[in-house]
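# Close look at the chain arrangement
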Protein chains: 2
Amino acid sequence: MGQTVVQEGETPDFVGCVLSGLLRMQKTLADGRHHIVGLLVEGDIFGRVFGGATEFAIEVATDAEFCAFPRGEFEELLMRSPDLDRAVMLNTLNELDRARDWMIILSNQKITGRIAGFLLLMVTRFSTIDHIVKARDGGIEIRIPIGRQDLAHLLGTRPESISRALHALQDDSAIRIIEPNLIGVLDLSALAREAGEDEVDGIRSVRELLKVARLDR
Amino acid sequence: MGQTVVQEGETPDFVGCVLSGLLRMQKTLADGRHHIVGLLVEGDIFGRVFGGATEFAIEVATDAEFCAFPRGEFEELLMRSPDLDRAVMLNTLNELDRARDWMIILSNQKITGRIAGFLLLMVTRFSTIDHIVKARDGGIEIRIPIGRQDLAHLLGTRPESISRALHALQDDSAIRIIEPNLIGVLDLSALAREAGEDEVDGIRSVRELLKVARLDR
DNA sequence: CTCCCGCCTTGACAGCTATCAATGACCGTT
DNA sequence: AACGGTCATTGATAGCTGTCAAGGCGGGAG
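Residues numbered from 1 in each chain as written. Chains lettered and ligands numbered in written order. Predicted model: local features only at pLDDT ≥ 70, side-chain atom pairs only at ≥ 80, totals over all residues. Heavy atoms only, no water.

## A few points about the sheet that holds strand E6 (residues 57-60) of chain A
Residue and element names in this part refer to chain A. Formally: Strand pairing is assigned whenever DSSP identifies at least 2 bridges connecting the two strands. Only DSSP runs of H or I reaching four residues or more are called helices, and only runs of E reaching two or more are called strands; each is numbered from the N terminus. To define axes, lines are fitted to C-alpha atoms, for helices over the stretch in contact only, and angles between the resulting N-to-C directions are given on a 0 to 180 degree scale. The contact criterion used throughout is that any non-hydrogen atoms of two residues lie within 4.5 Å.
A sheet is described by the order of its strands in space; here four strands give the open sequence E1-E6-E3-E4, paired in antiparallel fashion. Across the chains shown, the open sheet's two edge strands, defined by having one partner strand only, are strand E1 (4-6) and strand E4 (34-40). Averaged over all neighbouring strand pairs, the angle between strand axes comes to 35°, with direction disregarded. Its contacts with the sheet put helix H4 (residues 148-155) on strand E3 (23-28) and E4, and the angle it makes with E4 is roughly 95°.

## Focus on the interface of chain B and chain A
We apply this condition: Any Lys or Arg side-chain nitrogen found within 4 Å of a carboxyl oxygen on Asp or Glu counts as a salt bridge. Any N or O atom pair separated by 3.5 Å or less is treated as a polar contact, with the protein-specific requirement of one donor-capable and one acceptor-capable atom, and with residues adjacent in sequence counted only for side-chain atom pairs. In this classification, the charged set is Asp, Glu, Lys and Arg, the nonpolar set is Ala, Val, Leu, Ile, Met, Phe, Trp, Tyr, Cys and Pro, and all remaining amino acids, among them Gly, are polar.
Across the boundary between the two partners, chain B contributes 43 residues, which contact 43 residues of chain A. Summed over the shared surface of chain B and chain A, the number is eight salt bridges. Between Arg125(B) and Glu55(A) there is a salt bridge, and its shortest N-O distance comes to 3.6 Å. The tally of links from chain B across to chain A stands at four residue pairs in polar contact (both at pLDDT 80 or more). Elements with a contribution of two residues or more to the side of chain B that touches chain A: strand E3 (23-28), strand E4 (34-40) and helix H2 (82-107) of chain B. In terms of residue class, the side of chain B that touches chain A is built from 20 nonpolar, eight polar and 15 charged.

## As for the protein's contact with DNA strand C
Heads up, the rule is: One heavy atom within 4 Å of a molecule or strand makes the whole residue count as near it.
Residues in close proximity to DNA strand C total 15 residues, the closest being Arg148(A), Ile111(B), Thr157(B), Arg158(B) and Ser161(B). Each atom of DNA strand C within 4 Å of the protein belongs either to a base or to sugar and phosphate, the latter forming 71%. Thr157(B) is positioned with one of its side-chain polar atoms (N or O) 2.7 Å from a phosphate oxygen of DNA strand C. When contributions to the surface near DNA strand C are tallied by element, the ones reaching two or more residues are H4 and helix H5 (159-171) of chain A together with helix H5 (159-171) of chain B. Considering each element in turn, the surface near DNA strand C owes the most residues, four residues, to H5(A). Grouping the amino acids of the surface near DNA strand C by side-chain chemistry returns two nonpolar, six polar and seven charged.

Given below as structure tokens:
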């Protein structure tokens, strides 16, 4: 927990792939604060494929497993397997879109909007990770895999504001705080409205997810 | 000016490469506001290489030229030319880092800090585009290629706050507002301090840039 | 079992920003 | 030259957030 996998400015000699658990990608600023720029879950690839130093450190957020390939071999593998190459490219493009989604979320001036966007992103992006997003009869339950401090760093604010905003969303009956890190989503539309996002497509896909989850049981 | 090149949600049938001018990548929200998530300058590639719809619209910010390759041919070209494939991958990875830099900037809670980070990013990233960043005897001059409205959308705030923050930085003798869109940088360290970033490396490279620019003349 | 420590939460206050409104500068048009 | 439009700026006020401080809760060590 909290161990460093890749240090800032380092050029790692391997390409990693997360198998389970959660890693966080962050940058430490001059004043000691560290800002989180992304979370890595199972299936995510980290470490730059071709040269160049990583500008961001990677640390373990929860118990996690990952595998590492020597970078040279991985690059050769990419050369020989167009399919793998294409998959890595698609993965990178998806991460790029995700990073831009983060930008939209961070552009929201009210904290409640940022948290609403964060929760929606969790639901839409991590819907396949069942220990994070669970579909229940009452709606969806999200287990936030990081603490208030990290969440604040992620959303560009402070733990106190996170707490207040979550309880404000609860007062609006948009969510329910089951445990500090276990959030029940009561009203997706309200969240989307709060986030200011046109998340209609996202919500539709979530509805599909819920249907599938119910059929599974 | 303001024309749409690629629409949101569309799957463009070409891959574009900016030759000159400036394009902006943005997303329109449900309430009509549009948030800018990136600027494209010469050499930047846009349009997804492999399938998938673009989540962001691309519009012309200034007079611009770009070339377009049919997507199918481009993908075949990638298959046949490992060098090009590698270059595109590197380009994408760089954009990813840039997007994460944006996240850091947007995480800054004070507007002056966000603008300081923006200016530093302009200097470090667009230092080769001489109609945007110019080295002069007094320091560096940055021509901001977008208006206050767009700048506000980019930094997640409002035009009024942009104006106030710029003039605050001027009062601190960190910058000089030569024209509304032409900013002279007087004190890089002050900007870095304001941004809270450990931009020492960045500043060093800027110093190199200044030296080179002076030798050029 | 008790203590200690970290985390989450809540309250009070200062500081900053969003918002509304109004003014002035610049540009293209008439 | 006069007009209308957009854009940048400035002021006043309300609202929200950062900050500091304190209290409550749970888990681990002794």
